[in-house]
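Chains, contacts and geometry: an overview
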Amino acid sequence: MEKEKLQEFATRVTQANRSELVVVIFEAALASIAGGRSALEHNEIAEARHEVDRAKGMVDELLHSLDLNYPISHYLRQLYIYVYHELCHAIALRDTGCLDHAVNVLERLLVSFREVAKQDDSGPVMENTQQIYAGLTYGRGQLNETIASGMEMNRGFEA
């Protein structure tokens with residue numbers, strides 16, 4: 001995954017509430033799988049392993065963040081385990097078909113979690129972060145980020 005894409009995901013994480021955070025993790029995992037697929041198709045095994053390992057880490061985070069007090073969590077757990085195994089098999093067997101299976105499950109779940117995120121009006125999980133607004137300014141194809149000043153500049157712990 002390119003550095004710019006990683007930066008975009010990191011920025012979105014700082015502004016996300018709980019539901020949006022899950023959506024960001026799904027999208028980042030799918031982007032990593034796409035990068036792994038591309039590397040695997042070009043026979044770049046080390047890069048493919050790196051990207052798929054990154055996706056496995058994100059699936060692992062989803063798996064460990066489940067609240068098993070709810071019945072649906074048990075179903076999600078089984079789906080996450082399946083996706084994790086498919087990612088492992090993709091690298092071990094160098095099979096993009098396994099990546100297709102993982103992507104299929106994640107994309108279907110992503111649609112549902114996006115709907116949940118639309119209904120979640122809670123605030124961001126991370127507090128005391130800078131507000132970031134981005135837009136195209138003063139340059140052809142050049143993206144400049146500006147950081148809001150004022151009260152938002154208070155970062156870290158308040159005493």
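Above this text is the structure in question.
Keep in mind that this is a model prediction, so the values were computed, not measured.

Cut-offs applied
Residues numbered from 1 in each chain as written. Predicted model: local features only at pLDDT ≥ 70, side-chain atom pairs only at ≥ 80, totals over all residues. Heavy atoms only, no water. Helix = DSSP H or I, 4+ residues; strand = E, 2+ residues; numbered from the N terminus. Buried < 20%, exposed > 50% of the residue type's maximum accessible area, 1.4 Å probe, protein only. Core = buried A, V, L, I, M, F, W, Y, C linked by side-chain atoms within 4.5 Å. Contact = heavy atoms within 4.5 Å. Phe/Tyr/Trp six-rings, centres within 6.5 Å; stacked < 30°, edge-to-face > 60°.

We now examine unusual backbone geometry. Unusually for a residue other than glycine, N43 sits at a positive phi of about 60 degrees. As for its placement among the helices and strands, N43 is situated in the loop between α2 (18-41) and α3 (45-64). On the basis of relative accessible area, N43 is assigned to the exposed category, the value being 58%. One non-glycine residue, R94, adopts positive backbone phi at about 55 degrees. Locating R94 in the fold gives a position in the loop between α4 (71-93) and α5 (96-119). Judged by its relative accessible area of 53%, R94 is exposed.

Attention shifts here to the nonpolar core. Core analysis: the biggest nonpolar cluster contains 36 residues, and F26, I33, Y80 and L87 have the highest contact counts within it. Going through the elements one at a time, α2, α3, α4 and α5 are the ones with two or more residues in this core. Sorting elements by how many residues they give to this core places α2 first, with 11 residues. Look past the residues within four positions of Y80 in its chain and what remains in contact with it is F26, V59, L62, L63, L66, L109 and F113.

This brings us to the packing of aromatic side chains. Tallied over the full model, the rule gives two aromatic pairs. Centroid distance F26 to Y80: 6.3 Å. Interplanar angle 55 degrees. Geometry classified as tilted. With F26 in helix α2 and Y80 in helix α4, this pair connects stretches of sequence that are 54 residues apart. Here F26 falls in the buried class, since its relative accessible area comes to 0%. An aromatic cluster is defined as three or more aromatic residues linked by ring pairs; in this entry it consists of F26, Y80 and F113.

Within the secondary structure, E27 is located in helix α2. Given a relative accessible area of 15%, E27 falls into the buried group. Discounting chain neighbours no more than four positions away, the residues touching E27 are F9, R12, L110 and R114.

Turning our attention to the environment of G36. Mapping G36 onto the fold places it in helix α2. Here G36 falls in the buried class, since its relative accessible area comes to 0%. Separated by 12 residues in the primary sequence, G36 and A48 have C-alpha atoms spaced 4.1 Å apart. The residues contacting G36, other than those within four sequence positions of it, are A48, E51, V52 and L99.

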